[in-house]
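# Commentary on secondary and tertiary structure
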Amino acid sequence: MAKRKVKRSAPKRKSGVRKTRFQSAAKPPKDAVTLVVICKAREGQELMLEAELKALVGPTRREAGCITYDLHRGADTPGAFLLHEIWASRDAHKLHTQTPHFLRWSANRDAIVASIDSAFWKRFL
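Here the residue numbers are simple positions, counted from 1 along each chain's written sequence. The model is predicted, so local features are restricted to residues of pLDDT at least 70 and side-chain atom pairs to those at 80 or more, both for listing and for counting; the totals for chains, interfaces and linings are taken over all residues. Excluded from the side-chain calculations are hydrogens and water; all other atoms, namely the structure's heavy atoms, are used.

## What to know about the environment of I112
Here a strand is any run of E in DSSP of at least two residues, a helix any run of H or I of at least four, and the numbering for each starts at the N terminus. Mapped onto the secondary structure, I112 falls in helix α3 (residues 100-112). Relative accessibility under 20% of the residue-type maximum defines a buried residue, over 50% an exposed one, and the middle range a partly exposed one, all with a 1.4 Å probe and only protein chains included. Classification of I112 as buried rests on a relative accessible area of 4%. Measuring from C-alpha to C-alpha, the distance between I112 and L47 comes to 9.5 Å, with 65 residues separating the pair along the chain. Whether two residues touch is decided by their heavy atoms; if any such pair falls within 4.5 Å, the residues are in contact. Other than its neighbours up to four places away in sequence, I112 contacts K40, A41, R42, Q45, M48, L49, E52 and W105.

## A few points about the nonpolar core
Core analysis: the largest hydrophobic core is formed by 19 residues, its most contacted members being L49, L53, Y69, W87 and W105. When contributions to this core are tallied by element, the ones reaching two or more residues are β1 (33-41), α1 (46-61), β2 (66-73), β3 (80-87) and α3. Looking at this core element by element, the count peaks at 5 residues for β1. Note on terminology: a nonpolar core comprises buried Ala, Val, Leu, Ile, Met, Phe, Trp, Tyr and Cys residues joined through side-chain atoms within 4.5 Å.

## Quick look at α3
Helix length check: α3, at 13 residues, gives a terminal C-alpha distance of 19 Å against a target of 18 Å (1.5 Å per residue), a fit within 8%. Burial in α3 covers these residues: H101, F102, W105 and I112. Taken together, the buried residues of α3 touch β1, α1, α2 (90-96) and β4 (113-121). To estimate how far a helix should extend, the number of its residues minus one is multiplied by 1.5 Å.

## Overview of the confidence of the model for the protein chain
Residue-level confidence of the predictor is what pLDDT reports, using numbers from 0 through 100. Chain-level statistics for the protein chain give a pLDDT mean of 87 and a share of 80% at 70 or above. Under a pLDDT of 50 for its full length, residues 13-20 has, in the predicted model, 5 contacts with residues more than four places off or in other chains.

## Describing the pattern of salt bridges
By convention in these notes, a salt bridge is any Lys or Arg side-chain nitrogen within 4 Å of a carboxyl oxygen on Asp or Glu. Following the criterion strictly, the structure yields 4 salt bridges and no others. Between E50 and R73 there is a salt bridge, with the nearest N and O atoms lying 2.8 Å from each other. Here the residue E50 occupies a position in helix α1, and R73 occupies one in strand β2, the gap between them amounting to 23 residues. By relative accessible area, E50 is classed as buried at 13%.

## Quick look at the environment of L47
Here L47 lies in helix α1. Accessibility expressed as a relative area gives 68% for L47, which makes it exposed. Distance in space between the C-alpha atoms of L47 and G79 is 7.9 Å, their sequence separation being 32 residues.

## Here's the deal with α1
For α1, built from 16 residues, the straight-helix expectation of 22 Å at 1.5 Å per residue is met to within 8% by its first-to-last C-alpha distance of 23 Å. Of all the residues in α1, the buried ones are L49, E50, E52, L53, L56, V57 and T60. Viewed along the axis of α1, the buried residues span an arc of 165°, placing them on a single side of the element. Looking at the buried residues of α1, the elements they touch are β1, β2, β3, α2, α3 and β4. What the arc measures is the spread of directions leading from the helix axis to the C-beta atoms.

## As for the sheet that holds β3
Spatial ordering of the open sheet is given by β2-β3-β1-β4, a layout of 4 strands whose pairing is antiparallel. Each of the sheet's edge strands pairs with one partner strand only, and the pair in question is β2 and β4. Recorded for the sheet is a direction-independent mean angle of 10° between the axes of neighbouring strands. With 8 bridges connecting them, β1 and β4 associate as antiparallel partners. The partner of A41 across the bridge, within β4, is V113. Throughout, an axis means a line fitted to C-alpha atoms (over the contacting stretch in the case of helices), and angles, computed between N-to-C directions, take values from 0 to 180 degrees. On the sheet, α1 packs against β1, β2, β3 and β4 and is oriented at approximately 160° with respect to β2. Only when DSSP finds a minimum of two bridges between them are two strands counted as paired.

As structure tokens, this is what we get:
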């Protein structure tokens, strides 16, 4: 007689333990803002900038007001990085700028960044 394979289900999670990320098909909160940041590394500082930006991702994604926090590398421009951030509100982003990981980044930024441009956006459709 052949053995039946037992399907194992994924472990059940407690309700509310894991924060769900914003899905593009869903409407964001009314006060949500998108922040787009483009950084270019100083010559010779590309790896350092990459490491500093990667270090921001984990702790920032765990912040209560963070909906999306994605880091992109320039496909055609070495040393260029783009952060695509969605925050529940401008106040949530302001709180982010007071966190230890953001303050550490701010203290090191000038030594490794040649240019940085950022703009807030509001979804209207």
